[in-house]
Amino acid sequence: MLLTIALGLWGIRRKNTMWGDESVTYQLAHRDLSQIWLTVQHVDLVHALHYAVMHEIFGLFGAGLLTLRLPSVLAMSAAASAVGLLGLRLAGPRVGLLAGLVFPLLPQVQKYAQEGRSYAMVCALVAWATYALVVGVTRHARWRWAVYGCTMLLACLLHEFAVLALVAHGVTLVVSRVPRPVLRAWGVTATGVVAGLLPLAIRSAEQSAQVSWIDVPVRLPEFLAAAVVGVACALAPVAARGPVRLPVLAVSIVVLPCLLLLIASLVKPLFVDRYVLYSNIGIALLVGACMDHFHRLRKSSRNAAVAGVAAVAVLAALVPTSLSLRTPQSRTNDVTAIGATVRKEGRPGDGLLYLSGQHRIWTAANPEDTRFLTDLALAQDPVSSNTLAGVELPAPDIAARMLEFDRIVAVRAAGAHSPTDPQEEAKTSTLRRHFREYGTTHVNGARVTVYVRDHEPRSR
């Protein structure tokens, strides 16, 4: 826990920057609970519980980068403690200690421990639910299964894909050949979890267009590399200390959620590494068990020296990754830099255009960046419309408003084309026909371009 907290606090501000998804959390957590509820009826229902939790945290401790990210640091430290206890219970104290120390060093864990989203909380809940499952197998009692079920349900309500860990738990029990009453108790509990999740799953399926940006598995190679290392470690023998064996449990958690999500992606692309962040629980357990195995194989001081050198080499290899994860460039975009660029390039009275309108969330976290600019396409702001990015005017009205301005600051994603709906087509066609590009500034994840009317002089 201490190591996880220390790594989580190190560089937690990322040079006082925020990226797009965190910006959404930051903005929605500022709305009251009724506004959050009305908003998630249209978008982001899957994250509704997280927004409500962050709203209460902001109310208690104030809003800011630290308040936004500290819950993830603390959640990941709780996950690390559960990993350590799992290793202790399944294979002994040294495996528990090693697995618990490996867990916070994993790049994915370091990354999402410093992110103001729900994934670290989900990981912690799945880790503790897994521990409750292991204890429930050996100490069969209804209240223990109730604890397991409630913890898993809470994880699923924070993010639906936590339910894939439930599948991994079931396969683990079947492969471990636990007594039939235990399997029956798990079945009843799992049914309750699925029943509790079902209303959210049905409603959120109506918002599936939100994940239309996933066209290929996101960061799959990096995830698979870590998973292969973990599964390879399962070849090392581990002393069993109960009906549930560590390799069976750990491999199930690493492989099954990822595999099921990839199979689902054959129909609709859904795989994003953070959706199965809790798979790192299994990776840490397997690596910890493997390290313990090599420790027990030591027969000479030479072998001990080789093991020590290998450990130092691995830690040294992690240093560049750890450093890069604490920079703004480690995220897909940098909304702080985008907003600052808009403020720098825009003049009071300029028009402001988002290509597409969904990118309005990039500058909404700090209204000072756009205070003196006129949002040309906006009909109703995000808060009053109970949306993330507001409601835009009809296409003809957008084109007409654009022609009232001599200078327009346009914000678009780097390397992306605007959608082809009428409003976006009106924006791009009006810019192409009546404006010329004056200058473009590239920032992490976006381009900010100043356009001027053809009759305006080229010099500033």
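The structure displayed is predicted, hence computed values, not measured ones. (Residues numbered from 1 in each chain as written. Predicted model: local features only at pLDDT ≥ 70, side-chain atom pairs only at ≥ 80, totals over all residues. Heavy atoms only, no water.)

Asks: Can you walk me through the overall build of the protein in this structure?
Replies: If you tally the helices and strands in the protein, you get 20 helices and seven strands. Across its three principal directions, the C-alpha atoms of the protein cover 80 × 50 × 45 Å. In the protein, buried positions account for 53% of the 460 residues. Long-range contacts, defined here as pairs at least 24 residues apart, represent 78% of the contacts in the protein between residues at least 6 apart. Accessible area for the protein stands at about 20,500 Å²; split by element, carbon and sulfur atoms hold 65% of it. Separation of charge centres in the protein, based on 43 positive and 29 negative side chains, amounts to 15 Å. (Helix = DSSP H or I, 4+ residues; strand = E, 2+ residues; numbered from the N terminus. Buried < 20%, exposed > 50% of the residue type's maximum accessible area, 1.4 Å probe, protein only. Contact = heavy atoms within 4.5 Å. Areas by Shrake-Rupley, 256 points an atom, 1.4 Å probe, with all protein chains shown as cover. Lys, Arg positive; Asp, Glu negative; His and termini not counted. Charge placed at Lys NZ, Arg CZ, Asp CG, Glu CD.)

Asks: Is there a simple way to explain the pairing of strand S5 (residues 407–413) in this structure?
Replies: When a strand is regular, its side chains alternate between the sheet's two faces. Burial of S5 is extensive: seven of the seven residues sit out of reach of the surface. Of the two faces of S5, both are covered, the one formed by Arg407, Val409, Val411 and Ala413 as well as the one formed by Ile408, Ala410 and Arg412. With five bridges connecting them, strand S1 (residues 351–355) and S5 associate as parallel partners. Bridging across to S5, Leu352 finds its partner in Val409. Here S5 pairs with strand S7 (residues 446–453) via seven bridges, running antiparallel. For Ala410, the partnering residue across the bridge sits in S7 and is Thr449. (Pairing = 2+ DSSP bridges.)

Asks: How do you make sense of the packing of helix H6 (residues 93–102) against helix H14 (residues 279–297) when you look at a structure like this?
Replies: Here H6 crosses H14 at 130°, and the two axes come no closer than 8 Å. When the interaxial angle is binned, H6 and H14 end up oblique. Judged by the sense of rotation from one axis to the other, the crossing of H6 with H14 is right-handed. Each of Arg94, Val95, Leu98, Ala99 and Val102 in H6 lies in contact with H14, whose residues at this interface are Ala284, Leu285, Val287, Gly288, Ala289, Met291, Asp292, His295 and Arg296. (Axes fitted to C-alpha atoms, helices over the stretch in contact; angles between N-to-C directions. Parallel < 35°, antiparallel > 145°, perpendicular 65-115°, else oblique. Left-handed = near helix turned anticlockwise from the far one by under 90°.)

Asks: Is there a simple way to explain helix H5 (residues 65–91) in this structure?
Replies: The α-helix advances 3.6 residues per turn, and as a result positions three or four apart in sequence lie on the same side. Given a rise of 1.5 Å per residue, 27 residues ought to cover 39 Å, and the 39 Å separating the end C-alpha atoms of H5 matches this to within 8%. Most of H5 sits out of view: 20 of its 27 residues are buried. The positive-phi residue at the C-terminal boundary of H5 is Gly92, with phi of around 115°. (Expected span 1.5 Å × (residues − 1).)

Asks: How should I be thinking about the packing of helix H1 (residues 2–9) against H5 in this particular structure?
Replies: To describe two helices that pack against each other, one gives the angle between their axes and the distance between the axes. Relative to each other, H1 and H5 sit at 155°, their axes nearing to 8 Å. Overall, the two elements H1 and H5 adopt an arrangement that is roughly antiparallel. In this structure, H1 crosses over H5, and the sense of that crossing is right-handed. Here Thr4, Ile5, Gly8 and Leu9 of H1 lie close against H5, whose contacting residues are Leu70, Val73, Met76, Ser77 and Ala80. The class makeup of the residues in the contact of H1 with H5 is six nonpolar, three polar and no charged. (Nonpolar A, V, L, I, M, F, W, Y, C, P; charged D, E, K, R; others polar.)

Asks: Would you explain the pattern of salt bridges in this entry?
Replies: Pairing between side chains becomes possible if they bear opposite charge and their charged atoms approach one another. Tallying each qualifying case throughout the model produces 13 salt bridges. Of the charged contacts in the structure, one is a salt bridge between Asp375 and Arg360, with a shortest N-O distance of 2.7 Å. Separated by 15 residues along the polypeptide, Asp375 in strand S2 (residues 374–375) and Arg360 in the loop between S1 and helix H17 (361–364) bring together distant segments of the chain. For Arg360, a relative accessible area of 5% translates into the label buried. Note that Glu424 is salt-bridged to Lys427, the shortest N-O span being 3.0 Å. Placement of the pair is Glu424 and Lys427 together in helix H20 (residues 422–434), with a separation of three residues, close to one helical turn. Neither residue differs from the other here; Glu424 and Lys427 are each classed as buried. In the salt-bridge network here, residues are joined through shared partners; they are Arg360, Asp375, Glu392, Glu424 and Lys427. (Salt bridge = Lys/Arg side-chain N within 4 Å of Asp/Glu carboxyl O.)

Asks: I keep staring at the environment of Gly96 and nothing clicks. Help me out?
Replies: Tracing the backbone shows Gly96 in helix H6. Judged by relative accessible area, Gly96 falls into the buried class, the value being 5%. Between the C-alpha atoms of Gly96 and Leu259, which are 163 residues apart in sequence, the distance is 27 Å. Discounting residues that sit within four places of it in the chain, Gly96 has contacts with Gly84, Gly87 and Leu88.

Asks: Just checking my understanding: could you explain a nonpolar patch on the surface for this structure?
Replies: On the surface, Val167, Val171, Val175, Val255, Leu259, Leu260, Ile263, Leu266 and Val267 cluster together into a nonpolar patch covering about 780 Å² of accessible area. Elements that contribute at least two residues to the nonpolar patch include exactly helix H10 (163–175) and helix H13 (246–264). Counting residues per element, the nonpolar patch draws most heavily on H13, which supplies four residues. Inspection of the secondary structure assignment puts Val171 in helix H10. (Patch = residues over 30% accessible without salt bridge, like charges linked within 9 Å, V, L, I, M, F, W, Y side chains within 5 Å.)

Asks: Would you mind going over the sheet that holds strand S6 (residues 435–443) with me for this structure?
Replies: Within a sheet, adjacent strands bond to each other through the backbone by hydrogen bonds, running parallel or antiparallel. One open sheet accounts for five strands, arranged S2-S1-S5-S7-S6; its pairing is mixed. Looking at which strands have only one partner, the edges of the open sheet turn out to be S2 and S6. With two bridges connecting them, S1 and S2 associate as parallel partners. Bridge pairing links Gly351 to Thr374 in S2.

All we've got here are geometric facts, nothing functional implied.
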